[in-house]
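# Summary of structural features
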Amino acid sequence: MILENFKRESIVPMPVTFISTISENGVRNIAPYSCFMPVLRPFDLVCVASAKRRDTLVNLRSTGEFVINMPGTDMADKVIPTALHVPPDIDEFELAGLKEKPSKKIKAPGIEGCYAWMECKLDHIIEEVYDGFPYALILGKVVYLEVEDSVYDKESGSWDVEKAKPLMMTGSDEGMHFCTVNGIGKFEPYGAMFKNGKDPLERMYKKEEGQECK
Ligand SMILES: Cc1cc2nc3c(=O)[nH]c(=O)nc-3n(C[C@H](O)[C@H](O)[C@H](O)COP(=O)(O)O)c2cc1C
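The sections below set out a description of the structure shown in this document. Please read these numbers as outputs of a predicted model, since none were measured by experiment.

Listed in full, the buried residues belonging to helix 1 (residues 55-63) are Thr 56, Leu 57, Asn 59 and Leu 60. When helix 1 is viewed along its axis, its buried side chains cluster within an angular range of 165° and face the same direction. On the buried face of helix 1, the contacting elements are strand 2 (17-22), strand 3 (28-33), strand 5 (45-51), strand 6 (65-70), strand 9 (116-130) and strand 10 (133-147). The first or second residue beyond helix 1 is Gly 64, which carries a positive phi of 75°.

Dropping the structure here:
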């Protein structure tokens, strides 16, 4: 079957993240963002594609801060309440019935009930126009990364996707279908990509005795 070129969401599972910000006036905002990705290993950069008319974009531009919250499937019913187009003076934590999780390194709060949180500082914004439609690529630097203990194995540094049940979304002609991921029981070390079998970034993942994450 040949699809129209714009229907990429119909064949790509996308993460659902909630971006929380506060406005210059202190109003709390939340919006679901699926056009999100980490930028290369081992950078601490993330990239988010945003339409121009987003309170999220206005807030992170003026405050330079945002939190990428990772919800599980149990938060699927919070997607529409946080995606509603409401005026910027509406507190979207209250609107969606969500509680804040105070951040450690930035003022913008995270969302309680998610399984992980990336506190970010704005690195820079790339402004573009495509086919007459203005959009922005937001590059953020993760300054504090936290994950629920119950879904993360400290020893191996791997998370249990079956416990966390990350909320994901895929598109169809009718709308958004929500899903999650399952492990398939296959593992490869990073080193497998290299001729000498060694991961050049191995040192970064090695923990010294008693060393906590930065
Ligand atoms: C599952 C989902 C994913 C979304 N992903 C994006 C996205 O990646 N970029 C974007 O600009 N808008 C995205 N949106 C739309 C915004 O969440 C929506 O316009 C929201 O009202 C923006 O809120 P704000 O104006 O408070 O920032 C998404 C909506 C949903 C429901």
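Let's shift gears to the pairing of strand 14 (residues 176-179). As defined by bridge partners, strand 13 (residues 168-171) adjoins strand 14 across 4 bridges and the pair is classed as antiparallel. The residue of strand 14 that forms the bridge with Met 168 is Cys 179. Remark: 4 residues form the turn of the hairpin made by strand 13 and strand 14, two consecutive strands paired antiparallel.

In this structure, Val 46, Val 48, Phe 66, Ile 68, Met 118 and Cys 120 are the most contacted members of the largest nonpolar core, which totals 21 residues. If you list the elements that add at least two residues to this core, you get strand 3, strand 5, helix 1, strand 6, strand 9 and strand 10. Of the residues forming this core, the biggest block, 4 residues, is contributed by strand 9. Judged by nonpolar contacts, the second largest core, of 18 residues, contains Met 14, Ala 96, Ile 106 and Ile 111.

Within the element layout of this structure, Lys 101 appears in strand 7 (residues 100-101). A polar atom in the side chain of Lys 101 sits 2.9 Å from the side chain of Glu 146. Setting aside anything within four residues of it in sequence, one finds Lys 101 in contact with Pro 109, Gly 110, Ile 111, Glu 112, Trp 117 and Glu 146.

Looking now at the site of the ligand. Around the ligand there are 19 residues in total, and Pro 32, Cys 35, Asp 55, Thr 56 and Ala 83 lie nearest to it. Contact distances for the ligand include 2.9 Å between an oxygen atom and a side-chain N or O atom of Arg 54. Per-element accounting of the shell around the ligand gives the leading share, 4 residues, to strand 3. When the residues that make up the shell around the ligand are grouped by side-chain class, the tally is 11 nonpolar, 5 polar and 3 charged.

In any sheet, the strands associate via hydrogen bonds between backbone groups, in a parallel or an antiparallel arrangement. Read from one edge of the open sheet, 3 strands run 1-13-14, paired in antiparallel fashion. Looking at strand neighbours, the two that pair on one side only are strand 1 (14-15) and strand 14, the edges of this open sheet. Looking at chain direction, strand 1 and strand 13 are connected through 2 bridges and run antiparallel. Counted as the bridge partner of Met 14 is Met 169 from strand 13.

Let's shift gears to the side chain of Lys 78. One can find Lys 78 in the loop between strand 6 and helix 2 (79-83). There is no salt bridge for the buried Lys 78, and the closest opposite charge comes from Asp 77, which lies 5.0 Å off by N-O distance. Here Lys 78 is in contact with Phe 18, Ala 96, Gly 97 and Leu 98, once residues within four sequence places are set aside.

Position of Leu 145 among the secondary structure elements: in strand 10. Taking C-alpha positions, Leu 145 is 4.7 Å from Met 118, a pair spaced 27 residues apart along the chain. Among all residues touching Leu 145, those that are not within four sequence positions of it are Trp 117 and Met 118.

Criteria and cut-off values
- Residues numbered from 1 in each chain as written.
- Predicted model: local features only at pLDDT ≥ 70, side-chain atom pairs only at ≥ 80, totals over all residues.
- Heavy atoms only, no water.
- Buried < 20%, exposed > 50% of the residue type's maximum accessible area, 1.4 Å probe, protein only.
- Helix = DSSP H or I, 4+ residues; strand = E, 2+ residues; numbered from the N terminus.
- Arc of directions from axis to C-beta.
- Contact = heavy atoms within 4.5 Å.
- Pairing = 2+ DSSP bridges.
- Core = buried A, V, L, I, M, F, W, Y, C linked by side-chain atoms within 4.5 Å.
- Polar contact = N/O pair within 3.5 Å; in protein donor to acceptor, adjacent residues only side chain to side chain.
- Near = heavy atom within 4 Å.
- Nonpolar A, V, L, I, M, F, W, Y, C, P; charged D, E, K, R; others polar.
- Lys, Arg positive; Asp, Glu negative; His and termini not counted.
- Salt bridge = Lys/Arg side-chain N within 4 Å of Asp/Glu carboxyl O.

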